[in-house]
Amino acid sequence: MTAAHSIPHRRPSAPTTRLRRWALAACLGLSIPLATLASETLCPGWSEPSVDQGGTAPRLRHEAFFSPYTHHWRYSDDHRQVVAFSLSRRLPGDRFCGASLFSNSFGQPSAYAFVGKTWPGLLPALPRLYVSATAGVIYGYVGEHKDKVPLNVGGFSPVVIPAVGYRLSEQAAVEVQLLGTAAVMVGTSWRF
C-alpha cells in the first residue's frame, strides 16, 4: 500500500461547510449589487452625487435594515430563528437597490440581491405610513430545503417581497415584510 492510500478521505466538518456557505452567500450578496445592480440599467441614478442639488448638505443615500424576528404561519420543528441584515442605496423616484444577508428558516446562510420601490404617504391621514416592494434573486435554499421556495434552480430563486412600514423620523422606520405564504419578518431601518 502506498502512502497516498493510507490517508483516509475526510468530509469537511459541519462548521467548515457552514463557513463555506456563509462565504458564498456574502460574496453573492455583496458582489452582485456592486458589480451588476450598480449599473445604470437596473439602478438608474446610482452614480448621482451624494449631496443635495446646489447644496452641501449630504443626502441620506443609504439605508440599513435589521430584522431579529420572523413569524412563520405554520409551526415546524425544522424552523430556525431568522436574522437578516440588508444594505441598500436610495435612488431618485423613491427607488432603491441593495443586498441582504440572512439565515433562512432552516438555518442556511442566504443572500438576496434586489431592486425596489417605496410609495410614501398613500394615506393622507397617516403620512408616515408607506408601502414598498422589492424584486430580485435569492440564494441559499439548497439540499433538502430546495423545494421550500418556488422556481429554485441550483439554490437561486426569483423573489418579490412586499412590505408596510412606518417612518418614525427622517432616519428611522419600523417595517413588516411579507415572505410569501410562509412568514412575516419584522425589523427596523436606519437611513444615513
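Here, the structure is the one placed above.
Keep in mind the model is a prediction, meaning the values are calculated, not measured. (Residues numbered from 1 in each chain as written. Predicted model: local features only at pLDDT ≥ 70, side-chain atom pairs only at ≥ 80, totals over all residues. Heavy atoms only, no water.)

Peer 1: What is the right way to look at the overall build of the chain in this model?
Peer 2: Each helix and strand counted, the chain has two helices and eight strands in total. When the helices and strands of the chain are listed from N to C terminus, the series reads α-α-β-β-β-β-β-β-β-β. Within the chain, the fraction of its 192 residues that count as buried is 36%. The long-range fraction of contacts in the chain, counting pairs at least 24 apart against all pairs at least 6 apart in sequence, stands at 48%. Working note: accessible area of the chain is about 11,700 Å², and carbon and sulfur atoms make up 65% of it. (Helix = DSSP H or I, 4+ residues; strand = E, 2+ residues; numbered from the N terminus. Buried < 20%, exposed > 50% of the residue type's maximum accessible area, 1.4 Å probe, protein only. Contact = heavy atoms within 4.5 Å. Areas by Shrake-Rupley, 256 points an atom, 1.4 Å probe, with all protein chains shown as cover.)

Peer 1: What am I meant to see in the sheet that holds strand β1 (residues 62-72) here?
Peer 2: Hydrogen bonds between backbone atoms are what pair the strands of a sheet, whose relative direction is either parallel or antiparallel. In space, the eight strands of this closed barrel follow the order β1-β2-β3-β4-β5-β6-β7-β8, with antiparallel pairing throughout. Neighbouring strand axes in the sheet, compared pairwise and without regard to direction, differ in orientation by 25° on average. Bridge analysis of β1 against strand β2 (residues 84-91) gives six bridges, and the strand direction is antiparallel. The residue bridging F65 from the neighbouring strand is S86, located in β2. (Pairing = 2+ DSSP bridges. Axes fitted to C-alpha atoms, helices over the stretch in contact; angles between N-to-C directions.)

Peer 1: Whenever I open this one, the pattern of salt bridges confuses me. Can you help?
Peer 2: Pairing between side chains of opposite charge can happen when their charged atoms approach one another. Within the structure shown, the criterion is met by two salt bridges. Here R167 makes a salt bridge to E63, at a shortest N to O gap of 3.4 Å. Within this pair, whereas R167 is found in strand β6 (residues 156-167), its partner E63 is found in strand β1, the two being separated by 104 residues in sequence. Look at E63 and you get buried, because its relative accessible area is 13%. Between E63 and R191 there is a salt bridge; the shortest N-O distance is 3.4 Å. Placement of the pair is E63 in strand β1 and R191 in strand β8 (residues 183-191), with a sequence separation of 128 residues. Judged on exposure class, the residue E63 and its partner R191 are both buried. (Salt bridge = Lys/Arg side-chain N within 4 Å of Asp/Glu carboxyl O.)

Peer 1: For this particular structure, what's the right way to read the pairing of β2?
Peer 2: Two faces make up the sheet, and in a regular strand the side chains alternate between them. Bridging between β2 and strand β3 (residues 95-103) involves eight bridges; their strand directions are antiparallel. When the sheet's bridge partners are listed, R90 is paired in β3 with F96. The loop that links β2 with its antiparallel partner β3 comprises three residues; one of these, G93, has a positive phi angle of about 75°.

Peer 1: Can you help me understand the packing of aromatic side chains in this one?
Peer 2: For any two aromatic rings, the description comes down to two numbers: the centre-to-centre distance and the angle of the planes. Evaluation of the coordinates by the stated rule reveals four aromatic pairs. Centre to centre, the rings of F96 and F114 are 6.2 Å apart; their planes meet at 75°, and the pair counts as edge-to-face. Of this pair, F96 sits in strand β3 while F114 sits in strand β4 (residues 109-120); the two residues are 18 residues apart in sequence, bridging distant segments of the chain. Accessibility expressed as a relative area gives 13% for F96, which makes it buried. On the basis of relative accessibility, which here comes to 5%, the residue F114 falls in the buried class. Aromatic rings pair up to connect F96, Y112 and F114 into one cluster. (Phe/Tyr/Trp six-rings, centres within 6.5 Å; stacked < 30°, edge-to-face > 60°.)

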